[in-house]
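# Coordinate inspection notes
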Amino acid sequence: MSEALVLVENRGRVGLLTLNRPKALNALNDALMDELGAALLAFDADPDIGAMVITGSEKAFAAGADIGAMKDLTYVEAYASDFITRNWETLRRIRKPVIAAVAGYALGGGCELAMMCDILVAAETARFGQPEIKLGIIPGAGGTQRLPRAVGKAKAMDLVLTGRLMDAAEAERAGLVSRVVAADKLLDEAIEMATVIASMSLPSVMMAKEAVNRAFEAPLAEGMQFERRLFHSLFGTQDQREGMDAFIAKRPPSFRHK
Ligand code: HXC
């Protein structure tokens, strides 16, 4: 049997997904993206999982979409198959938080995959970029849309038009990543962060994710209204009672995720 392209592990309430095509620097092909999508959906449906972490190897989170697999595509084939939507959109449908733990290269589709996650944690070795321009194409999985939202227009234009790479420190200054850690601490840090998130009440975590994402898709007034409705609805959960009772009683809460 050929080795899995995505290694799947449970770490307590955290689902860990490791991209596993190290010889090709985790270049993202259809088979890998299918496996990743299936594993994400399985964790999303698993009541014992509260958050997920996607990581790669020491050298590369992912060096982009597989250039060999797409180099002979014609326009009509790309258009008619709606190239990449089949398995790249899955991550957007995941409702529990997903953390990208990035070491080494996160380029092109690899950077876009990391940006589709809810939080990016980077090793000091991380290098981000959208080098598609050097191949005569442009980013195709959100690079021109999510990067400007994350780092602003000036830096996004700089990266997308020159194809240059940005190191972890620059990515943190620019707001793309939430934390930079030593390479040998990356996975521990990401799993610890995911464990903290997974210890919270799952309905409130899922609604918090949905509400923050709404900030990028809706005008402020609509986003505020959306937030308020979700906020109200959480008073229908047992965990809201438990969280507030525990605070008043000066004891830790014991959430049951309902
Ligand atoms: C296919 C890739 C690959 C890729 C690396 N490899 N990136 N294969 N697609 N995106 C393969 C190499 O061919 C090589 O295979 C092996 O991985 C190791 O790579 P090297 O180049 O030998 O390593 P190194 O010299 O360390 O250089 C690392 C690198 C370079 C700077 C990351 O590999 C690179 O520039 N890669 C391409 C980055 C890129 O352009 N990404 C954007 C792709 S377009 P062999 O068999 O020779 O050992 C894209 C569009 C997204 O992502 C559209 C929406 C999905």
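On a predicted model such as this, the values are computed, not experimentally measured, just so you know.

Here we come to the packing of aromatic side chains. Throughout the structure, instances matching the rule amount to two aromatic pairs. Here the aromatic rings of Phe-231 and Phe-235 are separated by 5.3 Å at their centres, their planes lie at 80 degrees, and the arrangement is edge-to-face. The partly exposed category is assigned to Phe-235, whose relative accessible area is 37%. Over the ring of Phe-226 we find Arg-214; its NZ or CZ atom is 3.7 Å from the centre of that ring.

Moving on, we get to the packing of helix H6 (residues 109–116) against helix H7 (residues 143–151). In the contact formed by H6 and H7, the axes pass within 10 Å of each other and the chain directions differ by 55 degrees. It follows that H6 is oblique to H7 by the angle criterion. Of the two possible hands of crossing, H6 and H7 adopt the one that is left-handed. Side by side, H6 and H7 meet where Glu-112, Met-115 and Met-116 of the first sit next to Gly-143, Arg-146 and Leu-147 of the second. Residues of the contact of H6 with H7, tallied by class, amount to three nonpolar, one polar and two charged.

Reading guide: rules and limits
Residues numbered from 1 in each chain as written. Predicted model: local features only at pLDDT ≥ 70, side-chain atom pairs only at ≥ 80, totals over all residues. Heavy atoms only, no water. Phe/Tyr/Trp six-rings, centres within 6.5 Å; stacked < 30°, edge-to-face > 60°. Buried < 20%, exposed > 50% of the residue type's maximum accessible area, 1.4 Å probe, protein only. Lys NZ or Arg CZ within 6 Å of the ring centre and 35° of its normal. Axes fitted to C-alpha atoms, helices over the stretch in contact; angles between N-to-C directions. Helix = DSSP H or I, 4+ residues; strand = E, 2+ residues; numbered from the N terminus. Parallel < 35°, antiparallel > 145°, perpendicular 65-115°, else oblique. Left-handed = near helix turned anticlockwise from the far one by under 90°. Contact = heavy atoms within 4.5 Å. Nonpolar A, V, L, I, M, F, W, Y, C, P; charged D, E, K, R; others polar.

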